[in-house]
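# A closer look at the structure
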Amino acid sequence: MEIVDFSLLKYHFFNTSITDILRAIRGKSLLGAFTLSMCSIDAMAYLYNDLPNEEIGENFINWVKKWLVPINSDCNPDVLYALRCGLVHTYGFAKAMERCGLEGFYYVHNQPNKHWKQPHANVFVLNLDSHIAELTIAAYSYFDKLREICKFGTERAKTIIERVQRLIYLQSGIAVKQNEKGQMQIFALIRIPQRYAEMNSVLKTLDLRRQPHVGEIRKAIQEIY
């Protein structure tokens, strides 16, 4: 069975995708941070691969249902995908917005009381610090789940391992080689931070030996503002 160091994979994802979001916030590129967050979900949905025919939209929505909705039951997966399409493709309108009946939206920050609220029917508010905090917690748990899946030599595990080998954010820092038993193993080529706090101070709570809380990360992001 193929072997992947999922701790290394998780660290690399946080050291690139998640910290890039936080860097954007520090640089006051708030809409850019929203956009990067959608790309991060796409990246994780790609690894999980619910649907073998690579239906990006459905995989994105299914990932949100599994990992974000349990954290915040107000999260609407179809609306989030529609917003993703608008941000990633046009920075505006997307056909997915019509399909889910979305009539309007607001991107705000430092207003957690408005997160996922509806000021009008079919109009949604997404608060940046709340959204990124929830995404961070979801990602933290998600990579641990991948490790569990890949303990067993299933077809899903095989697909995950094959896709890990194609990841850009890993290729610059690791090598994937076959050992004498024919197993695929990941080897580090460069040093990665040993603690999440080294990546970004917002992530320091992830170094504690307990399940991190959304409120802690949201507050740390708000302090950047």
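Everything in this summary refers to the structure shown in the same document. (Residues numbered from 1 in each chain as written. Predicted model: local features only at pLDDT ≥ 70, side-chain atom pairs only at ≥ 80, totals over all residues. Heavy atoms only, no water.)

## Some points on the overall build of the protein
Helix and strand counts for the protein stand at ten helices and four strands. Ordered by position in the sequence, the α and β elements of the protein form the string α-α-α-α-α-β-β-α-α-α-β-β-α-α. For the protein, with 225 residues in total, the buried portion stands at 51%. For the protein, the accessible surface area stands at approximately 11,200 Å², while carbon and sulfur atoms represent 50% of it. (Helix = DSSP H or I, 4+ residues; strand = E, 2+ residues; numbered from the N terminus. Buried < 20%, exposed > 50% of the residue type's maximum accessible area, 1.4 Å probe, protein only. Areas by Shrake-Rupley, 256 points an atom, 1.4 Å probe, with all protein chains shown as cover.)

## Focus on the packing of aromatic side chains
Applying the stated criterion to the full structure yields 13 aromatic pairs. Relative to Trp-67, the ring of Trp-63 has its centre 6.5 Å away and its plane inclined at 35 degrees; by these criteria the two rings are tilted. Placement of the pair is Trp-63 and Trp-67 together in helix α3 (residues 56-67), with a separation of four residues, close to one helical turn. With respect to burial, Trp-63 and Trp-67 carry one shared label: buried. Between the aromatic rings of Trp-67 and Tyr-142, the centroid separation amounts to 5.6 Å while the plane-to-plane angle is 85 degrees, which identifies the pairing as edge-to-face. Here Trp-67, found in helix α3, pairs with Tyr-142, found in helix α6 (residues 128-149); they are 75 residues apart in sequence, far enough to count as distant. (Phe/Tyr/Trp six-rings, centres within 6.5 Å; stacked < 30°, edge-to-face > 60°.)

## Topic: the environment of Gly-32
Its location among the elements puts Gly-32 in helix α2 (residues 30-48). For the pair formed by Gly-32 and Val-88, sequence separation is 56 residues and the distance between their alpha carbons is 9.8 Å.

## Quick look at unusual backbone geometry
Here the phi dihedral of Asn-110 falls at roughly 60 degrees; this positive angle occurs in a residue that is not glycine. Along the chain, the position of Asn-110 falls in the loop between β1 (104-108) and β2 (123-127). Even without being a glycine, Trp-116 presents a positive backbone phi close to 60 degrees. Positionally, Trp-116 belongs in the loop between β1 and β2. On the accessibility criterion, Trp-116 (5% relative accessible area) is buried.

## Focus on the side chain of Asn-72
On the secondary structure map, Asn-72 appears in the loop between α3 and α4 (77-90). Taking the relative accessible area as the measure of exposure, Asn-72 reaches 12% and is therefore buried. Excluding its chain neighbours within four sequence positions, the residues that come into contact with Asn-72 are His-115, Trp-116 and Glu-134. (Contact = heavy atoms within 4.5 Å.)

## Considering the environment of Ser-130
One can find Ser-130 in helix α6. Once the C-alpha coordinates of Ser-130 and Gln-222 are considered, the two residues, 92 residues apart in sequence, prove to be 9.3 Å apart. Contact partners of Ser-130, with chain neighbours within four places excluded, come to Pro-112, His-115 and Arg-218. Only 2.8 Å separates the side chain of Ser-130 from the side chain of Asn-127, close enough to count as a polar contact. (Polar contact = N/O pair within 3.5 Å; in protein donor to acceptor, adjacent residues only side chain to side chain.)

## Considerations on the pattern of salt bridges
On inspection of all chains with the given rule, the structure shows six salt bridges. The salt bridge partner of Arg-84 is Asp-42, with a shortest N-O separation of 2.8 Å. Remark: Asp-42 occurs in helix α2 and Arg-84 occurs in helix α4; sequence separation between them is 42 residues. The exposure class assigned to Asp-42 is buried, which follows from its relative accessible area of 17%. (Salt bridge = Lys/Arg side-chain N within 4 Å of Asp/Glu carboxyl O.)

## Overview of the packing of α2 against α4
Orientation of α2 relative to α4, taken along the N-to-C sense of each, is 115 degrees, at an axis distance of 9 Å. Crossing geometry of α2 relative to α4 is assigned as left-handed. From α2, Leu-31, Phe-34, Thr-35, Met-38, Cys-39, Ile-41 and Asp-42 reach across to α4, where they touch Leu-80, Leu-83, Arg-84, Leu-87 and Val-88. Tallied by class, the residues present in the contact of α2 with α4 amount to nine nonpolar, one polar and two charged. (Axes fitted to C-alpha atoms, helices over the stretch in contact; angles between N-to-C directions. Left-handed = near helix turned anticlockwise from the far one by under 90°. Nonpolar A, V, L, I, M, F, W, Y, C, P; charged D, E, K, R; others polar.)

## Describing the packing of α2 against helix α7 (residues 155-164)
In the contact formed by α2 and α7, the axes pass within 8 Å of each other and the chain directions differ by 135 degrees. Relative to α7, the element α2 is oriented oblique. Taking contact as the criterion, the partners of Tyr-46, Leu-47 and Tyr-48 in α2 are, on α7, Arg-156, Ile-160, Arg-163 and Val-164. Looking at side-chain class alone, the contact of α2 with α7 contains five nonpolar, no polar and two charged residues. (Parallel < 35°, antiparallel > 145°, perpendicular 65-115°, else oblique.)

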